[in-house]
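Next come the chains, spelled out residue by residue.
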Amino acid sequence: MISVKNLKKSFGINEVLKDINCEIKRNEVVCVIGPSGSGKSTFLRCLNKLEEITGGHINIEEIEISDRKVNINRIRQNIGMVFQSFNLFPHLTVIDNITLAPIMLKKINKKQAEEIAYDLLKKVGLIEKVNVYPDKLSGGQKQRVAIARSLAMQPSIMLFDEPTSALDPEMVGEVLNVMKGLANEGMTMVVVTHEMGFAREVSNRVIFMENGYIVEEGEPSQIFTAPQNERTKRFLEKVL
Amino acid sequence: MNFWELFKVSLPALLEGAQMTVRIITVGIVVALIIGLVIGVINVGNNKVLKAFARVYIGLVRGTPLLVQVFFIYFGLPTVLDFRLSAVTAGTIAIAINASAYMAEIIRAGILSIDNGQMEASRSLGLSYFQSMRKVILPQAIKRMVPPLVNQSIISLKDTSILSAIGIIELTSSGQIIIASTFKAFEVWIMVGFIYLIVIEILTLATSWLERRWTV
Ligand SMILES: Nc1ncnc2c1ncn2[C@@H]1O[C@H](COP(=O)(O)OP(=O)(O)OP(=O)(O)O)[C@@H](O)[C@H]1O
Ligand SMILES: [Mg+2]
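Residues numbered from 1 in each chain as written. Chains lettered and ligands numbered in written order. Predicted model: local features only at pLDDT ≥ 70, side-chain atom pairs only at ≥ 80, totals over all residues. Heavy atoms only, no water.

**Some points on the interface of chain A and chain B**
Taken together, the 22 residues of chain A in the interface contact 18 residues of chain B. Across the interface of chain A and chain B, roughly 1,700 Å² is buried in total on both sides, 61% from carbon and sulfur atoms. When the buried surface of chain A facing chain B is broken down by residue, Phe89, His91 and Met104 of chain A rank first, second and third, together holding 31% of it. Between arginine 45 of chain A and glutamate 120 of chain B there is a salt bridge whose closest N-O contact spans 2.7 Å. The tally of links from chain A across to chain B stands at five residue pairs in polar contact (both at pLDDT 80 or more). At the level of secondary structure, the elements contributing two or more residues to the side of chain A that touches chain B comprise helix H2 (72–77), strand E6 (79–82), helix H3 (94–105) and helix H5 (139–151) of chain A. In terms of residue class, the side of chain A that touches chain B is built from 13 nonpolar, six polar and three charged. (Contact = heavy atoms within 4.5 Å. Buried area = accessible area lost by both parts, 1.4 Å probe. Salt bridge = Lys/Arg side-chain N within 4 Å of Asp/Glu carboxyl O. Polar contact = N/O pair within 3.5 Å; in protein donor to acceptor, adjacent residues only side chain to side chain. Helix = DSSP H or I, 4+ residues; strand = E, 2+ residues; numbered from the N terminus. Nonpolar A, V, L, I, M, F, W, Y, C, P; charged D, E, K, R; others polar.)

Given below as structure tokens:
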């Protein structure tokens, strides 16, 4: 579903992604772990072209997204993204946050969009917050709305960039639960995270990145219990 | 003639002048906002050619006196181009162009004050750059732009007094005309100043009323 070949990304002279190769299959949940500055966020942001890549290929559902001719807005409709800092639209209520993109981009009317939004709000457990503005929500609630907002476009891939890192510890669980539910429904997910418990329990595959390379990847049971690479070992010793 | 008698005979002419001032500034501000929005959005965008044009536009307008701009448009342009503008049209264009450069900078700063994550979230949903601007960035930025835009409008309103130099009978020049026949400079300039004050006060009240309605 996602195929990355020889991906390179530089910011000026700073080469952040050096030679990334990986395949992500439909329904797979892949967690990306690694030390700060290793390029995890940059990798994720290349997948929906929030960053312009400097070399290599990214192929999503048979479409080469670095191709200048592709309509990136269309492709992004199919790829949801959840940010560490939520990025809800503060001038819109919860329901308007969720329906904005579907109303503008899909051929559906306001009422249909709102019905989809209600279902999603039920799913993330926030139906009572329909008409509330984001500044009245807790961090965990904001992130759950952000997830619902992405899902409203009915994407087939979801990208998460440290979705729980900005949350108070007691709110991490509620967001991870929503993500777990998504994974169980078969959503294809790429999750950058420091939540090793989530990676171990929910993901099908873990990718360990360091210094712009994928150093090691494998099933969580293997990565967490028997890492092959010395650097993976050292990293896991620190975080576990 | 005491102050009140003078006031009564001068008032109709002064109000007519004030009307001209208000007409010029109203059209001027509307046009300035449109140009300012276009130039401001260009300036936060990625198109290098358009951006260079925008920088030159702002540089030229801010780097030359308003009076020179007025003379250039009213006397200068017609000598090389085959058309003639009325004084009021030329004056309005000059005021609009002048204000637009400052407003473009206000609008640029307002847009840049919105966290980049907003644009990224909107783009990641599939909205285009301009859809994101219209639905996500500008609605948030406008609230921050209103106070400095009102400020610039007030400055431009007062700048219209320069237009007496090309024979437009706006508030300031109607004052001059009355003084020419009455020799009451002290009193008449007080009246003129007072009318400017009232117009600006109305403008300020109207916008703060609008602002309150918006932020509900
Ligand atoms: N827009 C940018 N401009 C310049 N340099 C950048 C930019 N974004 C990221 N970088 C650099 O790229 C490197 C990798 O950053 P990235 O955010 O991908 O790391 P990360 O693995 O997500 O780290 P963290 O765990 O702290 O989020 C860092 O050295 C960072 O300074
Ligand atoms: Mg990161």
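There is more to say, and it comes next.
**Let's talk about the sheet that holds strand E8 (residues 188–192) of chain A**
Residue and element names in this part refer to chain A. The strand order across the open sheet built from six strands is E6-E7-E8-E3-E9-E10, with neighbouring strands paired in mixed fashion. One side of each edge strand has no neighbouring strand; the edge strands of this open sheet are E6 and strand E10 (213–218). Adjacent strand axes in the sheet meet at a mean angle of 15° when their direction is disregarded. Bridging between strand E9 (residues 205–210) and E10 involves five bridges; their strand directions are antiparallel. In the sheet register, isoleucine 207 faces E10, and the bridge partner there is glutamate 217. In the packing of H5 onto the sheet, contacts are made with E6 and strand E7 (157–161), and the angle to E6 comes to roughly 170°. (Pairing = 2+ DSSP bridges. Axes fitted to C-alpha atoms, helices over the stretch in contact; angles between N-to-C directions.)

**Brief notes about the confidence of the model for chain B**
On average, chain B scores 94 in pLDDT, and the residues at 70 or more come to 99%. Among the scores for the predicted complex, ipTM is 0.93 and pTM is 0.88. (pLDDT = per-residue confidence, 0-100.)

**Details of the UniProt feature "domain: ABC transmembrane type-1" (unreviewed entry) in chain B**
Within this structure's numbering, the places UniProt gives as "domain: ABC transmembrane type-1" (unreviewed entry) are residues 18–207 of chain B. Between the first and last C-alpha atoms of residues 18–207 of chain B the distance is 20 Å; the span itself is 84% helix and 0% strand. (UniProt positions renumbered as here; feature names shortened; annotations may be inferred.)

**Thoughts on the layout of surface pockets**
Within this model, the largest pocket holds a volume of roughly 990 Å³. Around the largest pocket, the lining is made up of 29 residues, and of these Gly45, Asn46, Met119, Arg123 and Tyr129 of chain B lie nearest the centre. Mapped by element, the contributors of at least two residues to the lining of the largest pocket are H2 of chain A together with helix H1 (3–44), helix H4 (87–112), helix H5 (116–124) and helix H6 (129–159) of chain B. Of the residues that constitute the lining of the largest pocket, the class distribution is 15 nonpolar, five polar and nine charged. The space that makes up the second largest pocket amounts to roughly 680 Å³. What lines the second largest pocket is a set of 23 residues, among which Ile29, Leu33, Val150, Ser153 and Thr207 of chain B lie closest to the centre. For the lining of the second largest pocket, the elements supplying multiple residues, two or more each, are H1, H4, H6 and helix H8 (185–214) of chain B. For the lining of the second largest pocket, the leading source of residues is H6 of chain B, giving eight residues. (1 Å grid on protein atoms, 1.4 Å probe; cavity = no way out; pocket = protein on both sides within 12 Å on 5 of 7 lines; lining within 4 Å. Points joined across faces, edges and corners; volume = space filled by probe spheres on them.)

**Overview of the pairing of E8 of chain A**
Residues and elements named next belong to chain A. Burial analysis of E8 places five of its five residues in the buried class, which makes it a mostly covered element. The side-chain alternation of E8 yields two buried faces, one formed by Thr188, Val190 and Val192 and the other by Met189 and Val191. Pairing of strand E3 (residues 29–33) with E8, which is carried by four bridges, proceeds in the parallel orientation. By the bridge assignment, valine 30 is partnered in E8 with valine 190. In terms of strand pairing, E7 meets E8 through five bridges, oriented parallel. (Buried < 20%, exposed > 50% of the residue type's maximum accessible area, 1.4 Å probe, protein only.)

**What to know about the site of ligand 1**
Residues and elements named next belong to chain A. Around ligand 1, a shell composed of Phe11, Val16, Pro35, Ser36, Gly37, Ser38, Gly39, Lys40, Ser41, Thr42, Glu162 and His194 is seen. At 2.6 Å from an oxygen atom of ligand 1 is found a side-chain nitrogen or oxygen belonging to serine 41. In the environment of ligand 1, an oxygen atom lies 3.2 Å from a nitrogen or oxygen atom belonging to the side chain of glutamate 162. Against a free-state accessible area of 640 Å², the protein chains account for coverage of 59% of ligand 1. With three residues, the top contributor of residues to the shell around ligand 1 is helix H1 (residues 40–47). Looking at the shell around ligand 1 residue by residue, the classes come out as three nonpolar, seven polar and two charged. (Near = heavy atom within 4 Å. Areas by Shrake-Rupley, 256 points an atom, 1.4 Å probe, with all protein chains shown as cover.)

**Things to note about the side chain of arginine 149 of chain A**
Relative to the assigned elements, arginine 149 of chain A resides in helix H5. Aspartate 115 of chain B provides the closest opposite charge to the buried, salt-bridge-free arginine 149 of chain A, at an N-O distance of 10 Å. Beyond its immediate sequence surroundings of up to four residues, arginine 149 of chain A is in contact with Phe86, Asn87, Leu88, Phe89, Asn97 and Ile98 of chain A together with Ala121 and Leu125 of chain B. (Lys, Arg positive; Asp, Glu negative; His and termini not counted.)

**Thoughts on the pattern of salt bridges**
Inspection of every chain in the model, using the stated rule, returns 17 salt bridges over all chains. Among the salt bridges present, the one from lysine 180 of chain A reaches glutamate 201 of chain A, with a minimum N-O distance of 3.5 Å. A residue pair is termed long-range when its members are at least 10 positions apart, and lysine 180 of chain A in helix H6 (residues 169–184) and glutamate 201 of chain A in helix H7 (residues 196–202) qualify at 21 residues. Exposure remark for lysine 180 of chain A: the relative accessible area of 25% places this residue in the partly exposed category. Each member of the salt-bridge network shares a partner with another, and the members are Arg55, Arg62, Glu105 and Arg108 of chain B.

**A look at the nonpolar core**
In this structure, Ile2, Val4, Leu7, Phe43, Leu47 and Ile58 of chain A together with Ile111 of chain B are the most contacted members of the largest nonpolar core, which totals 91 residues. By residue number, the principal contributor to this core is H6 of chain B, which donates 11 residues. Discounting chain neighbours no more than four positions away, the residues touching isoleucine 2 of chain A are Cys22, Glu23, Ile24, Leu47, Asn59, Ile60, Ile157 and Val190 of chain A. Judged by nonpolar contacts, the second largest core, of 47 residues, contains Cys31, Val94, Leu167 and Leu236 of chain A. (Core = buried A, V, L, I, M, F, W, Y, C linked by side-chain atoms within 4.5 Å.)

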